[in-house]
Amino acid sequence: MPSAPLRVAVVCSSNQNRSMEAHNILSKRGFSVRSFGTGTHVKLPGPAPDKPNVYDFKTTYDQMYNDLLRKDKELYPCGMASLKNPLCFILERLKILNSSNFRYTQNGILHMLDRNKRIKPRPERFQNCKDVFDLILTCEERVYDQVVEDLNSREQETCQPVHVINVDIQDNHEEATLGAFLICELCQCIQHTEDMENEIDELLQEFEEKSGRTFLHTVCFY
């Protein structure tokens, strides 16, 4: 078993859904964990696939929450009044149909942001973090490639190894939850190995067989 608790990082693209769900669960299990995104900007679903809500990584979760709450009210100004006003109700239904039933209070985005702001103030970009981790878990292959590329571009100082592992997780609420529990179980198993460096490949093979998912794994050095 490692002599000290694992220092864990979880990384997705925007540090909103998948990495934050895992961050939430791992922190509740007592892990020293941080979460990050690798994108140049934070993107959240918008009223159309080609119209995402785009924010800078410096924008707080609370600011994003209030911005989308405001957009909800602008798109659906009638609110509860529509229940008493038939014409307003009809107009609101037409808006919903025309916007593919898109509403931030209904699609879980506001709930996700509310969860996020209880964990930390704002999203963080992995490329701007110089902290040292024992284990970095990514949620899609593109993010894995970006993390490995960034680590390999840094000047080596201590040559301390860091294991980078990817498991593909679809970017929706249900898959983020399932993926977070899988990541947590993997971290718990790694934490309890006698020799992480020599046992991790066999452990990942066991997880692949059990979960039916493919894991990517490489070692980088600080």
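Let me sum up the structure you'll find in this document. (Residues numbered from 1 in each chain as written. Predicted model: local features only at pLDDT ≥ 70, side-chain atom pairs only at ≥ 80, totals over all residues. Heavy atoms only, no water.)

## Observations concerning the sheet that holds strand S2 (residues 32-37)
Consideration 1: Strand order in the open sheet formed by five strands is S2-S1-S5-S6-S7, with mixed pairing between adjacent strands. Here the strands that pair on one side only, and so sit at the sheet edges, are S2 and strand S7 (215-221). Strand-to-strand twist across the sheet, computed as the mean angle between neighbouring axes with direction ignored, equals 20°.
Consideration 2: Inspection of the sheet shows strand S5 (residues 135-138) paired to strand S6 (residues 161-167) by four bridges, in the parallel sense. Across the sheet, residue Leu135 finds its bridge partner in S6, namely His163.
Consideration 3: Docked against the sheet, helix H1 (residues 18-28) engages strand S1 (7-12) and S2, running at close to 175° with respect to S2. (Pairing = 2+ DSSP bridges. Helix = DSSP H or I, 4+ residues; strand = E, 2+ residues; numbered from the N terminus. Axes fitted to C-alpha atoms, helices over the stretch in contact; angles between N-to-C directions. Contact = heavy atoms within 4.5 Å.)

## Regarding the pattern of salt bridges
Consideration 1: Evaluated as defined, the whole model comprises 16 salt bridges.
Consideration 2: A salt bridge links Glu185 to Lys210; its shortest N-O distance comes to 2.5 Å. Linking Glu185 in helix H6 (residues 173-191) with Lys210 in helix H7 (residues 196-211), this pair joins segments that are 25 residues apart in sequence.
Consideration 3: Since its relative accessible area comes to 55%, Lys210 is described here as exposed.
Consideration 4: One salt-bridge network, held together by shared partners, links Arg18, Glu140, Arg142 and Asp171. (Salt bridge = Lys/Arg side-chain N within 4 Å of Asp/Glu carboxyl O. Buried < 20%, exposed > 50% of the residue type's maximum accessible area, 1.4 Å probe, protein only.)

## Re unusual backbone geometry
Consideration 1: One non-glycine residue with positive phi stands out, namely Asn15, at about 55°.
Consideration 2: Here Asn15 shows up in the loop between S1 and H1.
Consideration 3: The exposure class assigned to Asn15 is buried, which follows from its relative accessible area of 0%.
Consideration 4: Look at Cys159: it is not a glycine, yet its phi comes out positive at around 60°.
Consideration 5: In this structure, Cys159 sits in the loop between helix H5 (141-153) and S6.
Consideration 6: Assessed through its relative accessible area of 46%, Cys159 is described here as partly exposed.

## Quick look at a negative patch on the surface
Consideration 1: Among the surface-exposed residues, Glu141, Asp145, Glu149 and Asp168 lie close enough to one another that they form a single negatively charged patch.
Consideration 2: Residue class for Asp145 comes out partly exposed when judged on its relative accessible area of 41%. (Patch = residues over 30% accessible without salt bridge, like charges linked within 9 Å, V, L, I, M, F, W, Y side chains within 5 Å. Areas by Shrake-Rupley, 256 points an atom, 1.4 Å probe, with all protein chains shown as cover. Lys, Arg positive; Asp, Glu negative; His and termini not counted. Charge placed at Lys NZ, Arg CZ, Asp CG, Glu CD.)

## Here we look at the side chain of Asn116
Consideration 1: If you trace the backbone, Asn116 turns up in helix H4 (residues 109-119).
Consideration 2: Residue classification places Asn116 among the buried residues on the basis of a relative accessible area of 0%.

## A closer look at the environment of Leu135
Consideration 1: Structurally, Leu135 can be placed in strand S5.
Consideration 2: Overall, Leu135 belongs to the buried group, its relative accessible area being 0%.
Consideration 3: What Leu135 contacts, discounting residues up to four positions off in sequence, is Leu6, Arg7, Val8, Ala9, Val162, His163, Ile165, Cys187 and Ile190.

## Concerning the packing of H6 against H7
Consideration 1: The interhelical angle for the contact between H6 and H7, taken along N-to-C directions, is 145°, at an axis separation of 10 Å. The interaxial crossing formed by H6 with H7 has right-handed handedness. Here Leu182, Glu185, Leu186, Cys189 and Ile190 of H6 lie close against H7, whose contacting residues are Met196, Ile200, Leu203, Leu204, Phe207, Lys210 and Ser211.
Consideration 2: Looking at the contact of H6 with H7, its residues break down into nine nonpolar, one polar and two charged. (Left-handed = near helix turned anticlockwise from the far one by under 90°. Nonpolar A, V, L, I, M, F, W, Y, C, P; charged D, E, K, R; others polar.)

## Regarding the pairing of S5
Consideration 1: Side-chain alternation along S5 places Leu135 and Leu137 on one buried face and Ile136 and Thr138 on a second face that is also buried.
Consideration 2: One ladder, built from four bridges, connects S1 with S5; its direction is parallel. What sits directly across from Ala9, in S5, is Ile136.

## Considering the nonpolar core
Consideration 1: Core analysis: the largest hydrophobic core is formed by 28 residues, its most contacted members being Val8, Leu26, Ile165, Ile183, Leu186 and Ile190.
Consideration 2: Broken down by secondary-structure element, the contributors of at least two residues to this core are S1, H1, S5, S6, H6 and H7.
Consideration 3: Among the elements that line this core, the one with the most residues is H6, at seven residues.
Consideration 4: When sequence neighbours within four positions are dropped, the list of residues in contact with Leu26 reads Val8, Val10, Phe31, Val33, Ile183, Cys184 and Cys187.
Consideration 5: One finds Ala9, Cys129, Ile136 and Cys220 within the second-largest nonpolar core, a separate group that totals 16 residues. (Core = buried A, V, L, I, M, F, W, Y, C linked by side-chain atoms within 4.5 Å.)

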